[in-house]
Amino acid sequence: MNYVENILSHASGRKSTSAGEYIEARCDTVLMNDVTGPLAVKEFLKRGKKIKNPGSVVIVCDHFTPNKDIKSAENVKFLRDFAKKQKIRFFEIGDGGVEHVILPEKGIVKPGDVVIGADSHTCTYGALGAFSTGVGSTDAAFAMLTGKIWFMVPEVMEFVYSGKKGKFITGKDLILLTIGKIGVNGANYKAMKFAGPVIRALSMDERFTMCNMAIEAGGKAGFVVPDKKTAEYIKGRPGKKARVFADGASAQTLKMDISSVKPLVAAPHLPDKVGPAAKMNKVKIDQAVIGSCTNGRISDFAQAAKIMKGRKISAGLRCIILPGSQQVYAEALKKGYIETFLKAGCVIAPPTCGPCLGGHMGILAGGETAISTTNRNFVGRMGATSSRVYLASPYTAAASALRGRIISPEQL
Amino acid sequence: MKNIIKGRAYVVGDSVDTDVIIPARFLTTDNANELAAHCMEDLDKDFSKKVKTGDIIVAGDNFGCGSSREHAPIAIKASGISAVIAKSFARIFLRNCINIGLMVFVCDMKKDTRPGDEITVDMQKGEIANARTKKIYQVKPVPEFIKKIVSSGGLLNYAVQRRK
């Protein structure tokens, strides 16, 4: 059995499982947010009183927080009251941030866990070696009622990256490369395993970025089999111990030599419309967004700050910095990155999903164009239906913000 | 459960994402009728006026990709759409449909379907017919486990029934 089959057979109390089988698995963590949570809780309350396993449920309100209007404030209040009554974890904005940044940070997810989240980017935690996937509100309600979730055991599609990583090439470029290669449904229903010497050398932050975007290729999950870097990351964080599982053969393997890869950008309106940033120099931008569950961690801001240090963003351009969590914000402040951004002319937003999904804090007007370190560039994703979003790494987004056009950081 | 679903085709392309099915600006509510009023608005602003109860969405690949928002299938269902037929579905969207009881069928028929075609789904036979083209398509069979959820009236009813 491979890593996923081993986790899922353990979680379903079976001796073995194989791809294609339907199972019911124990959930170690059940996550909800302010968009998906209210629906899940209302459905739960129609059929149950007490959550089966309150220790497993976590609510993070991050999409429309700090509450953007009365309706979103009511939703957050409803979830806060529910969390208090059920004695489940609820992170206030002063102790939180974007869900997929704070759960690993606070030690809530560990290697070998089964995690479901009523948010499609729940696949992020595969970077820790968890089996982690996005579901809907009804699934979250079912998990609150029963402690379990139904799955079809996915096939594993393995991506092996080798070669020498070029300057300014990040996990974001590697995942864009991969999505560009296999398409937006190239890994539909499958678990994407990221492996090879390039992944072994990749930081945890960049592994989170890669697993986060597995869903953009249709993946059920993305994962990296735990190694020394994973062990270092979880060391000293609170919470339970990691579970160790063996790995085995994958159904399919794709090998990529990445030595010649240059900084990449996904053009509107799908994440698989990928091409080199250096070939998109004609695209003028109105806004740059740096942050999100994809690229809102400390090393992302280190990369952006490295580009912006001592420089100014292009006149007439808005650059919005969204630290992924309060902890990331504090660290970015301590390391001087926030000062670099302020001096460059950026605005610092609180930790929130904000503009990524067109919520608030940087919505685009008709015809405007943004470069963004987020994960989706669908029609109307960040605002008006005639606006456009280009997806890129923090290096590329920062460099483009300085120039006012899309450029590769190598062109600075 | 009805064994025959009949309706007019509303045809869309590939990778119709949940952001266009129900844009985030409407996600502060989970009221089905409010959501239905804005269903597909960013793809076709007249969708809610055009669709009649019973209509069937016929789509290409990867229908419902993107966000996990269950508001998307809820909006479609409350618009009066009786079923969605697609060459393939994005997995979270497919789960959400099964879980809330919106009928979905995997079938590659978009390329020869025109808007307004009369479509008949015979669930017993596992066949879909287009009255204009007289073509008959086989539906990909549904796994037993999924049938159980659907025949219980959705995932939560399944959970409650099992508890008894």
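Keep in mind that what you see is a predicted model, and the values were worked out from it rather than measured. (Residues numbered from 1 in each chain as written. Chains lettered and ligands numbered in written order. Predicted model: local features only at pLDDT ≥ 70, side-chain atom pairs only at ≥ 80, totals over all residues. Heavy atoms only, no water.)

1. Focus: the overall build of chain A
At step 1: Looking only at helices and strands, chain A has 14 helices and 18 strands in total.
At step 2: Structurally, chain A occupies a C-alpha span of about 55 × 50 × 40 Å along its principal axes.
At step 3: Across the 412 residues in chain A, those meeting the buried criterion constitute 66%.
At step 4: Look at the contacts in chain A between residues 6 or more apart in sequence, and 76% of them connect residues 24 or more apart.
At step 5: Split by element, the accessible area of chain A, about 14100 Å² in all, is 54% carbon and sulfur.
At step 6: In chain A, 57 positive and 34 negative side-chain charges are present, and the distance between their average locations comes to 2 Å. (Helix = DSSP H or I, 4+ residues; strand = E, 2+ residues; numbered from the N terminus. Buried < 20%, exposed > 50% of the residue type's maximum accessible area, 1.4 Å probe, protein only. Contact = heavy atoms within 4.5 Å. Areas by Shrake-Rupley, 256 points an atom, 1.4 Å probe, with all protein chains shown as cover. Lys, Arg positive; Asp, Glu negative; His and termini not counted. Charge placed at Lys NZ, Arg CZ, Asp CG, Glu CD.)

2. As for the domain arrangement of chain A
Residues and elements named next belong to chain A.
At step 1: Along its sequence, chain A is organised into domain 1 (3-255) and domain 2 (265-407).
At step 2: Centre-to-centre separation of domain 1 and domain 2, based on C-alpha positions: 24 Å.
At step 3: Each side of the interface is counted separately: domain 1 has 37 residues, and domain 2 has 40 residues.
At step 4: For the pair domain 1 and domain 2, the summed buried area comes to about 3000 Å², and 61% of that belongs to carbon and sulfur atoms.
At step 5: If you look at where domain 1 meets domain 2, you find 1 salt bridge.
At step 6: In this structure, Arg376 and Glu216 form a salt bridge, with 2.7 Å as the shortest nitrogen-oxygen distance. (Domains from an automatic or database assignment. Buried area = accessible area lost by both parts, 1.4 Å probe. Salt bridge = Lys/Arg side-chain N within 4 Å of Asp/Glu carboxyl O.)

3. Considering the environment of B:Val51
At step 1: Locating B:Val51 in the fold gives a position in the loop between helix H3 (47-50) and strand E2 (56-59).
At step 2: Residues B:Val51 and B:Arg8 lie 43 residues apart in sequence; the distance between their C-alpha atoms is 8.9 Å.

4. Overview of the packing of helix H11 (residues 298-308) of chain A against helix H14 (residues 394-403) of chain A
Residue and element names in this part refer to chain A.
At step 1: In the contact formed by H11 and H14, the axes pass within 8 Å of each other and the chain directions differ by 30°. Classed by the angle they form, the pair H11 and H14 counts as roughly parallel. Between H11 and H14 lies a crossing whose hand is right-handed. When H11 is examined against H14, the residues Asp300, Gln303, Ala304, Lys306, Ile307 and Met308 are found in contact with a partner set consisting of Pro394, Tyr395, Ala398, Ala399, Ala401 and Leu402.
At step 2: Classifying every residue of the contact of H11 with H14 by side-chain character gives 9 nonpolar, 1 polar and 2 charged. (Axes fitted to C-alpha atoms, helices over the stretch in contact; angles between N-to-C directions. Parallel < 35°, antiparallel > 145°, perpendicular 65-115°, else oblique. Left-handed = near helix turned anticlockwise from the far one by under 90°. Nonpolar A, V, L, I, M, F, W, Y, C, P; charged D, E, K, R; others polar.)

5. As for the interface of chain B and chain A
At step 1: The partner chain A presents 46 residues to the 44 residues of chain B that form the contact.
At step 2: Here chain B and chain A share an interface that buries about 3800 Å² over both sides, 57% of which is from carbon and sulfur atoms.
At step 3: For the pair chain B and chain A, the number of links is 5 salt bridges.
At step 4: The closest approach of N and O atoms between A:Asp139 and B:Arg95, which form a salt bridge, is 2.9 Å.
At step 5: Across the chain B-chain A interface, the total number found is 23 residue pairs in polar contact (both at pLDDT 80 or more).
At step 6: Looking at the side of chain B that touches chain A, its residues break down into 20 nonpolar, 12 polar and 12 charged. (Polar contact = N/O pair within 3.5 Å; in protein donor to acceptor, adjacent residues only side chain to side chain.)

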